[in-house]
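Each chain is listed here by its residues.
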Amino acid sequence: MDADGRAVVERAVAGACSAQPGYYRADRHSYCLSDARITYTLYDPGSGAVTGVGEISLSSYAEPDAGSGWWNESFTATVTKTEGHVSSLAVNLTASCTNACAMINPDAWGTKVLVLGQSISSHVTYSSSPASGTVTMVTPQYSLKLYQPGDTPGDWDHNWSLPLKVRCDAELSGYGCVISQVRALLDLPLSQYGEAAATYWYAQVALADHWGAPDSPLTRNKDEAAHKANRYRTCEGGSSIPFYPQDDIEDDSCDEYPFAGTFEGGTDGGLCAEILPKFEQGGWKLYYFAGRQPTGNEPCVRGHVPLAKNEKAGGKYGNFVKAERVLDTEKFTVSLEG
């Protein structure tokens, strides 16, 4: 927290939730506060002079659930300083939340009196159940009372809000909540998805639009009819240049990128770069068709990909949408490393 007790956010990266002291950190599925120092100052009621100081360290951790509307936030408070006439601190922490959200146990641990070095840990529980087909943005809010029992001026209140929002929706199956301000990342490593991932890698690296890269994300389109129409235009009868399967690729299939399930997909396949990715001599090589050498300005790519790899990548995308709760028109990026 800053000097005025306001919560400060540090932009997150995926992975373990750790943060600089006094900062929040988040990934798509968690947020935490690390070692926020909060003070209590005791004043003489007559002169106004400072007669004592107390301090606690407050940390928290939460994992919103992409498969339900429930999640816990755990807290730990530790007394880190008692000076002068402050010998102990009473600590009371409660939470609340905005919009379509309710608290199951808003009071973390009641009021606990702690001396130097003592800690208290507990949790609160949030519940969000937006109406079917809707989305709500939930802001957890906190109120901390910190004081030495019996001392003037009594309770000192610290109030703040999570500087990120937890998005809960009922657009996909059931309820689910994520930190939507952290963009979803679809992981399709070359080592697992072979020719399919090599096709997407080519588009990110060699084509001008760099679809799926952090500066050029893709946008989910939930319309199933649009998916079919997009694939028809790129890989099937709607393409101005037909896709001809190659005999030297087992169960050769057309794999398009950007995906048919995105708003960026659906370009006429005749305008796409067309490649044959092959793993040879320990590395990936890309082959082109005579007379169709790509320029790098093509808006899409068609890859000749074994059907099993094509379907595996498509299945991963479908599972990704559900696990990351990627909603209609929401942007996401694609990683092909590994």
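Coordinates for the structure precede this section.
I will try to describe carefully the structure that is included in this document. Please read all numbers here as calculations on a predicted model, not as lab measurements.

### Side note on the state of the cysteines
- In total, this model carries 4 disulfides according to the counting rule given.
- Across the disulfide, cysteine 168 is cross-linked to cysteine 177 (sulfur-sulfur distance 2.1 Å). Sign of the S-S torsion, about 110° for the bond between cysteine 168 and cysteine 177, identifies this disulfide as right-handed.
- Note on cysteine 168: relative accessible area 1%, which makes it buried.
- Taking the relative accessible area as the measure of exposure, cysteine 177 reaches 0% and is therefore buried.
- Residue pairing for cysteine 272: its cysteine sulfur links by disulfide to cysteine 300, the two sulfurs lying 1.9 Å apart. Judged by the sign of its S-S torsion, about -95°, the cystine formed by cysteine 272 and cysteine 300 is left-handed. Pair noted here: cysteine 272 is in the loop between β17 (252–257) and β18 (273–280) and cysteine 300 is in the loop between β19 (283–287) and β20 (301–306), with a separation of 28 residues, a long-range link.

### Digging into helix α1 (residues 190–206)
- Here α1 is 17 residues long, yet its end C-alpha atoms lie only 16 Å apart, well below the 24 Å a rise of 1.5 Å per residue gives.
- The largest bend in α1 comes to about 75°, at alanine 196.
- Residues Tyr193, Gly194, Glu195, Ala196, Ala197, Ala198, Thr199, Tyr200, Tyr202, Ala203 and Gln204 constitute the buried set of α1.

### Details of the side chain of serine 239
- Inspection of the secondary structure assignment puts serine 239 in the loop between α2 (224–235) and β17.
- Here the side chain of serine 239 touches glycine 270 through a polar contact of 3.2 Å, landing on its backbone nitrogen.
- With residues up to four places along the chain from it excluded, the contact list for serine 239 reads Tyr232, Arg233, Thr234, Asp268, Gly269, Gly270 and Arg302.

### Digging into unusual backbone geometry
- Of the consecutive residues tyrosine 257 and proline 258, the connecting peptide bond is found in the cis state with omega at 5°.
- On the secondary structure map, proline 258 appears in the loop between β17 and β18.
- Phi at threonine 329 is positive, roughly 75°, even though this residue is not glycine.
- Take threonine 329: it is sitting in the loop between α3 (307–323) and β21 (331–335).

### Side note on the layout of surface pockets
- Its volume calculated, the largest pocket comes out at about 530 Å³.
- Looking at the largest pocket, it is lined by 21 residues, and the ones nearest its centre are His227, Ala260, Gly261, Gly314 and Tyr317.
- Mapped by element, the contributors of at least two residues to the lining of the largest pocket are α2, β17 and α3.
- Grouping the constituent residues of the lining of the largest pocket by class yields 7 nonpolar, 6 polar and 8 charged.

### A closer look at the nonpolar core
- The biggest cluster of nonpolar side chains holds 43 residues, and the ones touching the most others in it are Tyr31, Ile56, Trp71, Leu93, Tyr126, Tyr142 and Val166.
- Sequence-distant contacts of leucine 93, that is, excluding residues within four places in its chain, are made with Leu58, Phe75, Pro106, Asp107, Ala108, Trp109, Gly110, Tyr142, Ser143, Leu144 and Trp160.
- In this structure, Leu172, Val301, Val305 and Tyr317 belong to the second largest nonpolar core, which totals 28 residues.

### With respect to the side chain of histidine 304
- Along the chain, histidine 304 falls in strand β20.
- At 2.7 Å, the side chain of histidine 304 forms a polar contact with the side chain of glutamate 274.

### Let's talk about the pattern of salt bridges
- Per the stated rule, a full pass over the model turns up 14 salt bridges.
- Here glutamate 171 and arginine 220 are joined by a salt bridge, their closest N and O atoms 4.0 Å apart. Of this pair, glutamate 171 sits in the loop between β13 (166–169) and β14 (176–178) while arginine 220 sits in the loop between β16 (218–219) and α2; the two residues are 49 residues apart in sequence, bridging distant segments of the chain.
- Classification of glutamate 171 as partly exposed rests on a relative accessible area of 25%.
- A residue is classified by how much of its surface remains accessible, and arginine 220, at 11% relative accessible area, is buried.

Each value, and the rule that gives it
- Residues numbered from 1 in each chain as written.
- Predicted model: local features only at pLDDT ≥ 70, side-chain atom pairs only at ≥ 80, totals over all residues.
- Heavy atoms only, no water.
- Disulfide = S-S within 2.5 Å.
- Buried < 20%, exposed > 50% of the residue type's maximum accessible area, 1.4 Å probe, protein only.
- Helix = DSSP H or I, 4+ residues; strand = E, 2+ residues; numbered from the N terminus.
- Expected span 1.5 Å × (residues − 1).
- Bend = angle between axes of the 7 residues up to and from the residue.
- Polar contact = N/O pair within 3.5 Å; in protein donor to acceptor, adjacent residues only side chain to side chain.
- Contact = heavy atoms within 4.5 Å.
- 1 Å grid on protein atoms, 1.4 Å probe; cavity = no way out; pocket = protein on both sides within 12 Å on 5 of 7 lines; lining within 4 Å.
- Points joined across faces, edges and corners; volume = space filled by probe spheres on them.
- Nonpolar A, V, L, I, M, F, W, Y, C, P; charged D, E, K, R; others polar.
- Core = buried A, V, L, I, M, F, W, Y, C linked by side-chain atoms within 4.5 Å.
- Salt bridge = Lys/Arg side-chain N within 4 Å of Asp/Glu carboxyl O.

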